[in-house]
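Close look at the chain arrangement
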Amino acid sequence: MLHIVLFVLKLLGIILLIILALLLFALLAALFVPVKYEGQISKGHAWQFYGKIRWLARMFGADIRWENGAAAVSLRILWIFRMRL
């Protein structure tokens, strides 16, 4: 009976250790993976701005465009989900 309790505690400890390792990996990725950004500003007839922000091998990104007083933002998550604001 005691060996069953110890096995369950061992299994819970391993699962907890895996969860903590994944959280540590996510924290280190957030701190040490660089953010790539670029932008362009021009003034022809009116001011225009275009910018891109990418993070974590382009898994997360945003495209920002501002022309004639109107702004458009497009967010991308995991190469699949795209949301326009």
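The structure presented is a predicted model; accordingly, all values stated were derived computationally and were not measured.

**With respect to the overall build of the protein**
What the protein contains, in helices and strands, is one helix and five strands. Counting from the amino terminus, helix and strand elements in the protein follow one another as α-β-β-β-β-β. Taking 2.2 N^0.38 as the reference for a compact globule, 85 residues should give roughly 12 Å; the C-alpha atoms of the protein span a radius of gyration of 23 Å, well beyond that estimate. With the C-alpha coordinates of the protein rotated into their principal frame, the extents come out at 80 × 25 × 15 Å. Here the protein, with 85 residues, has 9% of them falling under the buried criterion.

**Brief notes about the environment of Arg76**
Inspection of the secondary structure assignment puts Arg76 in strand 4 (residues 70–77). A relative accessible area of 15% means that Arg76 is categorised as buried. Measuring from C-alpha to C-alpha, the distance between Arg76 and Gly39 comes to 17 Å, with 37 residues separating the pair along the chain. For Arg76, the contacting residues outside a window of four places in its chain are Arg54, Met59, Phe60, Gly61, Asp63, Phe81 and Arg82.

**Some thoughts on the pairing of strand 3 (residues 60–67)**
Alignment of strand 2 (residues 47–55) against strand 3, held across eight bridges, turns out to be antiparallel. In the strand pairing of strand 3, Trp55 is matched with Phe60. The hairpin formed by strand 2 and strand 3 contains four residues between the paired strands, and Leu56 there has a positive phi angle of roughly 60 degrees. Pairing between strand 3 and strand 4: eight bridges, direction antiparallel. Residue pairing in the sheet places Ile64 in a bridge with Val73 of strand 4.

**Examining the environment of Ala30**
Of note, Ala30 is situated in helix 1 (residues 2–32). Put simply, Ala30 and Leu56 are 26 residues apart on the chain and 8.4 Å apart in space, counted from C-alpha to C-alpha.

Rules used in this analysis
Residues numbered from 1 in each chain as written. Predicted model: local features only at pLDDT ≥ 70, side-chain atom pairs only at ≥ 80, totals over all residues. Heavy atoms only, no water. Helix = DSSP H or I, 4+ residues; strand = E, 2+ residues; numbered from the N terminus. Rg over C-alpha atoms; globule rule 2.2 N^0.38 Å. Buried < 20%, exposed > 50% of the residue type's maximum accessible area, 1.4 Å probe, protein only. Contact = heavy atoms within 4.5 Å. Pairing = 2+ DSSP bridges.

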